[in-house]
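Here is what each chain is made of, one letter per residue.
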Amino acid sequence: GQLWDVSDPANPTMGNGEPHTHIRSPSAADSFEFIHSGIVSWDGKTFAIMDETGGGVEAHCNGAASKDGFYYFYDVVKPGDPAPSLKGRYTIPRAQTPEICVSHNANVIPIKGRKLMSAAYYQGGNTLVDFTDPSNIREVAYSDVEDATGKADSWSTYWYNGRIYESDITRGLLIWELSDKAGAGAKKFDHL
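How each quantity is defined
- Within each chain, residue numbers correspond to sequence positions counted from 1 in written order.
- In view of the model being predicted, local features appear only for residues whose pLDDT reaches at least 70, and side-chain atom pairs are presented and counted only at 80 or more, with totals across whole chains, interfaces and linings using the full set of residues.
- As a rule here, side-chain values cover all heavy atoms of the structure and leave hydrogens and water aside.
- Think of a nonpolar core as a cluster: buried Ala, Val, Leu, Ile, Met, Phe, Trp, Tyr and Cys residues, connected wherever their side-chain atoms sit within 4.5 Å.
- To sort residues, take the accessible area from a 1.4 Å probe on protein chains only and compare it with the maximum for the residue type: under 20% means buried, over 50% means exposed, and anything in between is partly exposed.
- Secondary structure elements follow DSSP: runs of H or I no shorter than four residues count as helices, runs of E no shorter than two count as strands, and numbering proceeds from the N terminus.
- Contacts between residues were defined by any pair of non-hydrogen atoms, one from each residue, lying within 4.5 Å.
- We call Phe, Tyr and Trp rings a pair once their centres come within 6.5 Å, taking the six-membered ring for Trp, and we label the pair stacked below 30 degrees between planes, edge-to-face above 60, and tilted otherwise.
- Lysine and arginine charges are scored as sitting over a ring when NZ or CZ, respectively, is within 6 Å of the ring centre and within 35 degrees of the ring normal.
- When DSSP finds at least two bridges between two strands, those strands are taken to pair.
- Where helices are involved, their axes are fitted lines through C-alpha atoms of the stretch in contact, as for all axes, and angles between N-to-C directions lie from 0 to 180°.
- Criterion for a disulfide: a pair of cysteine sulfur atoms within 2.5 Å.

## A few points about the nonpolar core
Most often, soluble globular proteins have nonpolar side chains that are buried together.
Part 1 of the reasoning: Ile39, Tyr71, Phe73, Tyr90, Met117, Tyr121 and Phe131 are the most contacted members of the largest nonpolar core, which totals 17 residues.
Part 2 of the reasoning: Contributions of two or more residues to this core are made by β2 (46-51), β3 (71-75), β5 (106-108) and β6 (116-120).
Part 3 of the reasoning: Apart from residues lying up to four places away in sequence, tyrosine 121 is in contact with Cys61, Tyr71, Tyr90, Thr91, Ile92, Ile100, Cys101, Val102, Ser103, Thr127 and Ser154.
Part 4 of the reasoning: Core analysis: the next-biggest nonpolar cluster, separate from the first, contains 11 residues, Ile109, Leu116, Ile164 and Leu178 among them.

Laid out in structure tokens, this is it:
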């Protein structure tokens, strides 16, 4: 994974190749297979990269026994600082095997004082995660509409103006209302 300096959007750089710009697998036990995407917290201090182990066609969500397919969380560092160290990792806590399940597309909720993201997990459904303390990441809410393999398949899950929009490969567009107060006070936008 790479961090880019986009302070000049027309000319992004990688900090002149300084080591802080490259994120490598945290350990042999936690090896990235397929870095698919990433998110940055609303305050710009924390980022996560998502390892779509198995390319979205294998079962990798085994609750506490999961070995890969996580979101990996780091502090954002400035050019010249040492490489960021791993602060925490997250996958859904519910075992899904034999369902196809691994971390996938997400976004953050624009809220001050908390770090929240909504994320898709293919047939594992959707999760709303609090990563305010990246060493103690916790799930705030989730949806997993089908237990039968292949009945539902969440590709992308995005927060927007108080709702969570899910693009489901099998069922189409699903729109979720969050009954928890986790998103209270989130910024609203005219468009996403």
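## Focus: the packing of aromatic side chains
Aromatic ring pairs are defined here through the distance separating the ring centres and the angle between the ring planes.
Part 1 of the reasoning: If you walk through the whole model with that rule in mind, you get 8 aromatic pairs.
Part 2 of the reasoning: Aromatic pair tryptophan 42 and phenylalanine 189: ring centres 5.9 Å apart, planes at 70°, arrangement edge-to-face. Here phenylalanine 189 lies in the segment after β11 (172-177) and tryptophan 42 lies in the loop between β1 (35-40) and β2, a separation of 147 residues in the sequence.
Part 3 of the reasoning: We classify tryptophan 42 as partly exposed; its relative accessible area is 42%.
Part 4 of the reasoning: Measuring from ring centre to ring centre gives 6.3 Å for tyrosine 160 and tyrosine 165, while their planes differ by 55°; the resulting arrangement is tilted.
Part 5 of the reasoning: On the basis of relative accessibility, which here comes to 18%, the residue tyrosine 160 falls in the buried class.
Part 6 of the reasoning: The aromatic ring of phenylalanine 70 is capped on one face by arginine 89, whose charged end is 3.9 Å from the ring centroid.

## Looking at the sheet that holds strand β8 (residues 138-143)
Part 1 of the reasoning: The antiparallel open sheet is built from 4 strands, whose spatial order is β5-β6-β7-β8. The strands lining the two open edges of the sheet, one partner per strand, are β5 and β8. Direction aside, the axes of adjacent strands within the sheet are offset by 20° on average.
Part 2 of the reasoning: Where β5 and β6 come together, 3 bridges link them in antiparallel fashion. Considered in β6, the bridge of alanine 106 is made with alanine 119.

## Description of the state of the cysteines
Part 1 of the reasoning: Considering all chains together, one arrives at 1 disulfide under this definition.
Part 2 of the reasoning: Here cysteine 61 pairs with cysteine 101 through a disulfide, and the sulfurs are 2.0 Å apart. Between cysteine 61 and cysteine 101 the sulfur-sulfur dihedral comes to about -80°; the bridge is accordingly left-handed. Residue cysteine 61 is found in the loop between β2 and β3, and its partner cysteine 101 is found in the loop between β4 (86-90) and β5; the two are separated by 40 residues along the sequence.

## Thoughts on the pairing of strand β9 (residues 154-160)
Part 1 of the reasoning: In terms of burial, β9 is a largely internal element, 5 of the 7 residues being buried.
Part 2 of the reasoning: The hairpin formed by β9 and strand β10 (residues 163-168) contains 2 residues between the paired strands, and asparagine 161 there has a positive phi angle of roughly 50°.

## Examining unusual backbone geometry
Part 1 of the reasoning: A cis amide bond links threonine 97 to the next residue, proline 98, at an omega of 15°.
Part 2 of the reasoning: The topology assignment puts proline 98 in the loop between β4 and β5.
Part 3 of the reasoning: Not every positive phi belongs to a glycine, and tyrosine 122 is a case in point at roughly 50°.
Part 4 of the reasoning: Relative to the elements of secondary structure, tyrosine 122 occurs in the loop between β6 and β7 (126-130).
Part 5 of the reasoning: Taking relative accessible area as the criterion, tyrosine 122 reaches 3% and is therefore assigned buried.
Part 6 of the reasoning: The backbone of asparagine 161 sits at a positive phi, close to 50°, despite the residue not being glycine.

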